[in-house]
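# Descriptive structure summary
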Amino acid sequence: MRKITKTTKALILFGAAMIATAGVVQADGHLGKIKERQEAMKAVGGGIKIIVETAKGKRAFDAAVIKSAALTIKTNLEKAGPLFPEGTGEDSGIENRAKPEIWLDEEGFAAALKTAIAAADNMAGVAKMADLMPALGQLGGGCKGCHEKFRAPKK
Ligand code: HEC
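All values derive from a computational prediction rather than experimental measurement.

Rules used throughout
Residues numbered from 1 in each chain as written. Predicted model: local features only at pLDDT ≥ 70, side-chain atom pairs only at ≥ 80, totals over all residues. Heavy atoms only, no water. Donors = N, O, S within 2.8 Å, 3.2 Å for Na, K, Ca; no water. Tetrahedral: all angles 85-135°; square planar, octahedral: opposite > 155°, others 65-115°. Helix = DSSP H or I, 4+ residues; strand = E, 2+ residues; numbered from the N terminus. Buried < 20%, exposed > 50% of the residue type's maximum accessible area, 1.4 Å probe, protein only. Expected span 1.5 Å × (residues − 1). Arc of directions from axis to C-beta. Polar contact = N/O pair within 3.5 Å; in protein donor to acceptor, adjacent residues only side chain to side chain. Near = heavy atom within 4 Å. 1 Å grid on protein atoms, 1.4 Å probe; cavity = no way out; pocket = protein on both sides within 12 Å on 5 of 7 lines; lining within 4 Å. Sits in = over half its atoms within 2 Å of the grid points. Nonpolar A, V, L, I, M, F, W, Y, C, P; charged D, E, K, R; others polar. Salt bridge = Lys/Arg side-chain N within 4 Å of Asp/Glu carboxyl O.

Next up on the list: the coordination of the iron atom of the ligand. Metal coordination angles have textbook ideals: 109.5 degrees for a tetrahedral set of four donors and 90 or 180 degrees for an octahedral set of six. Donor atoms from the polypeptide that coordinate the iron atom of the ligand comprise M41 (SD) and H147 (NE2), at 2.1 to 2.5 Å from the metal. Relative to the metal, the six donor atoms surrounding the iron atom of the ligand lie at angles of 86 to 180°, and the coordination shape comes out octahedral. One end of the pair, M41, is in helix α1 (residues 6-55); the other, H147, is in helix α5 (residues 129-150), with 106 residues separating them in the sequence. Residue classification places M41 among the partly exposed residues on the basis of a relative accessible area of 31%.

Here's what the structure looks like:
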């Protein structure tokens, strides 16, 4: 049997340490991205809450408020989009609700995102109460269109 020299041993240990470090960095990066996208989605949820309250008459209609809420939704959906790198799904070991379908159907996910962003854009242009419900139907459909296929149920 070949004798393992001290140098070889040191190299092996060094290599193992590097791999371990890379794993930690990777997991950290993933954790950061998961947290960031969840924060973005929370902001999206905050935006839709204002719009729903207005639709229900719990808030007086104010086009400026609707516009601001719609733009919050739009920017945060845009922000969340790139925060779904492969390996950050519900099976990653980090608790989250991103289904594997996101990476099995990347085009479908991108299309669902695009549809919801367009609906938020449309909402931003709502100038009167009569137009709010149809725009909300479209926007809500945008959320649902993605969540139904790509978001796992709450555990
Ligand atoms: C293109 C897909 C997509 C669209 C569009 C989308 N979501 Fe999400 N949303 C997700 C996914 C996936 C998660 C789970 C993310 C995770 O757990 O890391 C999520 C999570 C959330 C959460 C939970 C955040 C948390 O962790 O507390 C809220 C609230 C939410 N979405 C609201 C909305 C609303 C409101 C809309 C529509 C205006 C919307 N989403 C549109 C994919 C989408």
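With that settled, consider helix α2 (residues 63-80). Under the 1.5 Å per step criterion, the end-to-end length of α2 is 25 Å for 18 residues, consistent within 8% with the ideal 26 Å. Taken as a whole, α2 has its buried residues at I66, A69, A70, I73, N76, L77 and A80. Down the axis of α2, the sector holding all buried residues measures 135°, keeping them to one side. The backbone nitrogen of A64 has a side-chain oxygen 2.9 Å away, supplied by the residue at the start of α2, namely D62.

Neighbouring residues of the ligand: 22 residues in total, closest M41, R97, C143, C146 and H147. In this structure, an oxygen atom belonging to the ligand sits 3.1 Å away from a side-chain N or O atom of Q38. A distance of 2.8 Å is found between an oxygen atom of the ligand and a backbone nitrogen or oxygen belonging to R97. The site holding the ligand turns out to be the largest pocket. Mapped by element, the contributors of at least two residues to the shell around the ligand are α1, α2, α4 (106-124) and α5. Residues belonging to the shell around the ligand are distributed by class as follows: 14 nonpolar, four polar and four charged.

Attention now moves to the pattern of salt bridges. Here the structure, examined in full by the defined rule, presents seven salt bridges. When the shortest N-O distance is used, the salt bridge between K74 and D121 registers 3.4 Å. Of this pair, K74 sits in helix α2 while D121 sits in helix α4; the two residues are 47 residues apart in sequence, bridging distant segments of the chain. The exposure class assigned to D121 is partly exposed, which follows from its relative accessible area of 40%. The closest approach of N and O atoms between E148 and K144, which form a salt bridge, is 3.8 Å. Of this pair, E148 and K144 both sit in helix α5, four residues apart, roughly one helical turn. Classification of E148 as exposed rests on a relative accessible area of 57%. You can call K144 exposed: its relative accessible area is 52%. One continuous salt-bridge network, built from bridges that share partners, spans K49, E53 and R59.

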